[in-house]
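Here's the letter readout for the chains.
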Amino acid sequence: IAEKPAEPGTSPLNILLYPNPASDRVYISFRSGKPPTGVFRMFDAAGKLVRHFEPGGKSMEIDLNVSMHEPGLYILNYADKRGERWSERLIIEPR
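Residues numbered from 1 in each chain as written. Predicted model: local features only at pLDDT ≥ 70, side-chain atom pairs only at ≥ 80, totals over all residues. Heavy atoms only, no water.

Q: Report on the packing of aromatic side chains, specifying residues and quantitative values.
A: Evaluation of the coordinates by the stated rule reveals 6 aromatic pairs. Between Phe40 and Phe53, the ring centres sit 4.9 Å apart and the planes meet at 10 degrees, which makes this aromatic pair stacked. You can see Phe40 sitting in strand β3 (residues 39–44) and its partner Phe53 sitting in strand β4 (residues 49–53), a full 13 residues away along the chain. Plain terms: the ring middles of Phe40 and Tyr78 are 4.7 Å apart, the flat faces sit at 45 degrees to each other, and that makes the pair tilted. (Phe/Tyr/Trp six-rings, centres within 6.5 Å; stacked < 30°, edge-to-face > 60°. Helix = DSSP H or I, 4+ residues; strand = E, 2+ residues; numbered from the N terminus.)

Structure representation (structure tokens):
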């Protein structure tokens, strides 16, 4: 089931994904002041789930190693238990 991503700047989660494009690591920063309590899912351009993780803890920033993924376009989705959702395109460049 496809989800419509929130329009930029409208998500109450206020999440920043950087750098984008990236080749080794990306950072997911929760700027709303609430630590993540949900699940991240990363899909490749064909829609295949390639990664799934729950960050846990109280950190407001996640350091995500993407070096094991092939270069290309990915979609990173987040959904929490309150029903808040976020989605962003991620471009992984060759190393």
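Q: Residues and numbers for the pairing of strand β7 (residues 85–92), please.
A: Bridge count for strand β6 (residues 72–79) against β7 is 8 bridges, and the pairing is antiparallel. Of the residues in β7, the one forming a bridge with Leu73 is Ile91. (Pairing = 2+ DSSP bridges.)

Q: I'd like a rundown of the side chain of Ser29, residues and numbers included.
A: Within the secondary structure, Ser29 sits in strand β2 (residues 25–30). Given the relative accessible area of 12%, Ser29 is considered buried. (Buried < 20%, exposed > 50% of the residue type's maximum accessible area, 1.4 Å probe, protein only.)

Q: How would you explain unusual backbone geometry if you had to name every residue and give the values?
A: Of note, the amide linkage connecting Tyr18 to Pro19 takes the cis form, showing an omega dihedral of -15 degrees. Here the amide bond leading from Asn20 into Pro21 is cis, since omega sits at 15 degrees, within 30 degrees of zero. Structurally, Pro21 can be placed in the loop between β1 (15–18) and β2.

Q: Any chance you could break down the pattern of salt bridges for me, citing the residues and the numbers?
A: This structure, assessed with the given rule, holds 3 salt bridges. Three or more residues are tied together by salt bridges with common partners; here these are Asp80, Arg82 and Glu84. (Salt bridge = Lys/Arg side-chain N within 4 Å of Asp/Glu carboxyl O.)

Q: Outline the environment of Gly56, supporting the account with residue identities and numerical values.
A: Its place among the elements puts Gly56 in the loop between β4 and β5 (61–65). Judged by relative accessible area, which is 43%, Gly56 ranks as partly exposed. Counting along the chain gives 19 residues from Gly56 to Thr37, while the straight-line C-alpha distance between them is 6.3 Å.

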